Amino acid sequence: MHHLVTGGAGFIGSHLTDALVARGDTVTVLDDLSTGRINNLQLALSTGNVEFVEGSTSDAALVNDLIARADSCFHLASAVGVQLIVDEAYDSLIKNVRGCDVVMHAAANHDVPLVFSSTSEIYGKNSEGALAEDSDRLLGPPQRSRWSYATAKAFGESLAFGLCNDRGAPIKVVRLFNTTGPRQTGAYGMVLPTFVRQALDGSNLTVHGNGVQTRCFAHVSDTVRAILLLADTDEAVGEVFNVGAGIEMPIIELARRVIEQTGSDAKIELVPFDEAYGDGFEELGRRKPDTTALTELTGWQPALNVTHAIEDVIAYEQAATEFAAADVALNGSATGNAESNLAIASRFRTTEHTS
Ligand code: UDP
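Reading guide: rules and limits
- Residues numbered from 1 in each chain as written.
- Predicted model: local features only at pLDDT ≥ 70, side-chain atom pairs only at ≥ 80, totals over all residues.
- Heavy atoms only, no water.
- Core = buried A, V, L, I, M, F, W, Y, C linked by side-chain atoms within 4.5 Å.
- Buried < 20%, exposed > 50% of the residue type's maximum accessible area, 1.4 Å probe, protein only.
- Helix = DSSP H or I, 4+ residues; strand = E, 2+ residues; numbered from the N terminus.
- Contact = heavy atoms within 4.5 Å.
- pLDDT = per-residue confidence, 0-100.
- Pairing = 2+ DSSP bridges.
- Axes fitted to C-alpha atoms, helices over the stretch in contact; angles between N-to-C directions.
- Polar contact = N/O pair within 3.5 Å; in protein donor to acceptor, adjacent residues only side chain to side chain.
- Salt bridge = Lys/Arg side-chain N within 4 Å of Asp/Glu carboxyl O.
- Expected span 1.5 Å × (residues − 1).
- Phe/Tyr/Trp six-rings, centres within 6.5 Å; stacked < 30°, edge-to-face > 60°.

## Thoughts on the nonpolar core
Consideration 1: Membership of the largest hydrophobic core comes to 29 residues, with the highest contact counts inside it found for Ile12, Leu16 and Phe74.
Consideration 2: Sorting the residues of this core by element identifies α1 (11-22), β2 (26-31), β7 (171-176), α8 (220-231) and β12 (240-243) as the ones contributing at least two each.
Consideration 3: Contacts of Phe74, omitting those with residues within four sequence positions, involve His3, Leu4, Val5, Thr6, Leu16, Leu20, Val115, Ile227, Leu228 and Ala231.
Consideration 4: Listed in part, the 26 residues of the second largest apolar core include Leu4, Ala70, Leu114 and Ala169.

Rendered as structure tokens:
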């Protein structure tokens, strides 16, 4: 089979591409490299079964050409990360909405099955226990930039259901809760790679608020396995599924574990939310998925826990440091061309748990 993966140079997209190639398929990756990195595709490209196209999901002619050649599409391209959404609210909103519009219409026109990756951010501030797919959305006002991401993804979901119901388009929706693992970058605010980098550098771990807010962290290997199971299940068409782990972890506890697992002397520093994200930022308290629907349909269960995720992110960040040093030593400056074990470290646990 041949797949189009939009956002395939990103964190989750590149692991999904690896998994598709590992099962003998071919992939075209469409990515504008705004937050994705070509290094994430080092292993995939070396197989010769992956074509990389640098471009935008808003480019209707390009997307149409690529979809016409594909047997299936995974639409992951998106501006993500709370920090990025808050800093570049308008650009992120337009990019996410236009990308959904173009990619989903092209898939519907060519009758190509599509999996759309939505987000737990859809639920907003609803923190009432485990959130099921039909739980209410509780969003702050639109003038708070954080909520524009939920609005864009909700548009994508509504578009998907509209195309399914009215035009019979074979679209499935996944709502991804906090996913982490190798290749995730802390540059756009994601907490685990941020803490690991801080611990390895010996700087303070910046815990926002008092750190009692909780999240459930899924390893990217488990997330990719869930996406593939749903892609292979016809009954998932026209439906939405939560994908995520069920164990809640207070952020301050995550920071302690990172310090312990890195063996770092780093300290924890509490940073007020307003200082981290600007005035009027609204934090959630907790966000936990109910994944009953996914498990009942596919049998999926997470195989890895947060300790595995921390281990893998540490290994990856250590390899990234060696990679950067080797690059500068060889080339005089950072070119991204150095040979290293970065690609190998970034693959930890992905293939062994993906079938
Ligand atoms: N967080 C933190 N320090 C950081 C980055 C994030 O304490 O350097 C917190 C953040 O405020 C939130 C949690 O970690 O409470 C998860 O943040 P992330 O951006 O990874 O995910 P999301 O907020 O989208 O669930």
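## Notes on the confidence of the model for the protein
Consideration 1: Residues of the protein with pLDDT of at least 70 account for 94%, and the chain-wide mean is 92.
Consideration 2: Note that residues 351-355 has pLDDT below 50 and, in this model, 9 contacts with residues that lie over four places away or in other chains.

## Considering the sheet that holds strand β5 (residues 114-119)
Consideration 1: Spatially, 7 strands are ordered β3-β2-β1-β4-β5-β7-β12 in an open sheet, and the strand pairing comes out parallel. The sheet terminates laterally at β3 (50-54) and β12, the two strands that pair on one side only. When strand polarity is set aside, the average angle formed by the axes of neighbouring strands in this sheet is 20°.
Consideration 2: Here strand β4 (residues 72-75) runs beside β5; their pairing, made up of 3 bridges, is parallel. When the sheet's bridge partners are listed, His75 is paired in β5 with Phe116.
Consideration 3: The sheet strands contacting α1 are β1 (2-6), β2, β3, β4 and β7, and the helix crosses β1 at an angle near 170°.
Consideration 4: Lying on the sheet, helix α5 (residues 89-110) is in contact with β1, β4, β5 and β7; it crosses β5 at an angle near 155°.

## So, the side chain of Gln184
Consideration 1: The residue Gln184 is located in the loop between β8 (179-180) and α7 (191-201) in this model.
Consideration 2: Assessed through its relative accessible area of 8%, Gln184 is described here as buried.
Consideration 3: Of the polar contacts made by the side chain of Gln184, one reaches the side chain of Thr180; its length is 2.7 Å.
Consideration 4: Those residues in contact with Gln184, other than ones at most four positions away along the chain, are Phe11, Thr179, Met190, Pro193 and Glu317.

## A few points about the pattern of salt bridges
Consideration 1: Applying the stated rule across the entire model yields 18 salt bridges.
Consideration 2: Of the charged contacts in the structure, one is a salt bridge between Arg146 and Glu283, with a shortest N-O distance of 3.9 Å. Pair noted here: Arg146 is in helix α6 (residues 146-167) and Glu283 is in the loop between α10 (273-277) and β15 (288-289), with a separation of 137 residues, a long-range link.
Consideration 3: Exposure remark for Arg146: the relative accessible area of 6% places this residue in the buried category.
Consideration 4: Here Arg175 and Glu157 are joined by a salt bridge, their closest N and O atoms 2.8 Å apart. Of this pair, Arg175 sits in strand β7 while Glu157 sits in helix α6, and the two are 18 residues apart along the sequence.
Consideration 5: Given the relative accessible area of 7%, Arg175 is considered buried.
Consideration 6: Note on Glu157: relative accessible area 5%, which makes it buried.

## With respect to α6
Consideration 1: Taking 1.5 Å per residue as the helical rise, α6 with its 22 residues ought to reach 32 Å, and the 32 Å between its terminal C-alpha atoms agrees with that figure.
Consideration 2: Positioned one or two residues after α6, Gly168 has a phi angle of 65°, which is positive.

## Description of the packing of aromatic side chains
Consideration 1: Per the stated rule, a full pass over the model turns up 3 aromatic pairs.
Consideration 2: With centroids separated by 5.9 Å and ring planes inclined at 35°, the aromatic side chains of Tyr123 and Phe177 adopt a geometry described as tilted. Within this pair, whereas Tyr123 is found in the loop between β5 and β6 (130-131), its partner Phe177 is found in the loop between β7 and β8, the two being separated by 54 residues in sequence.
Consideration 3: Taking relative accessible area as the criterion, Phe177 reaches 3% and is therefore assigned buried.
Consideration 4: One aromatic cluster in this structure is built from Phe273, Tyr277 and Phe281.

## A short note on the pairing of β7
Consideration 1: The buried fraction of β7 amounts to 6 of the 6 residues, a majority that puts the element mostly inside the structure.
Consideration 2: Across the two faces of β7 the burial is the same, with Ile171, Val173 and Arg175 and Lys172, Val174 and Leu176 all buried.
Consideration 3: Of the strand pairs in this sheet, β5 and β7 are connected by 6 bridges, and their pairing is parallel. What sits directly across from Ser118, in β7, is Arg175.
Consideration 4: Relative to β12, β7 is paired through 4 bridges, and the arrangement is parallel. Following the sheet pairing, Arg175 is matched in β12 by Asn242.

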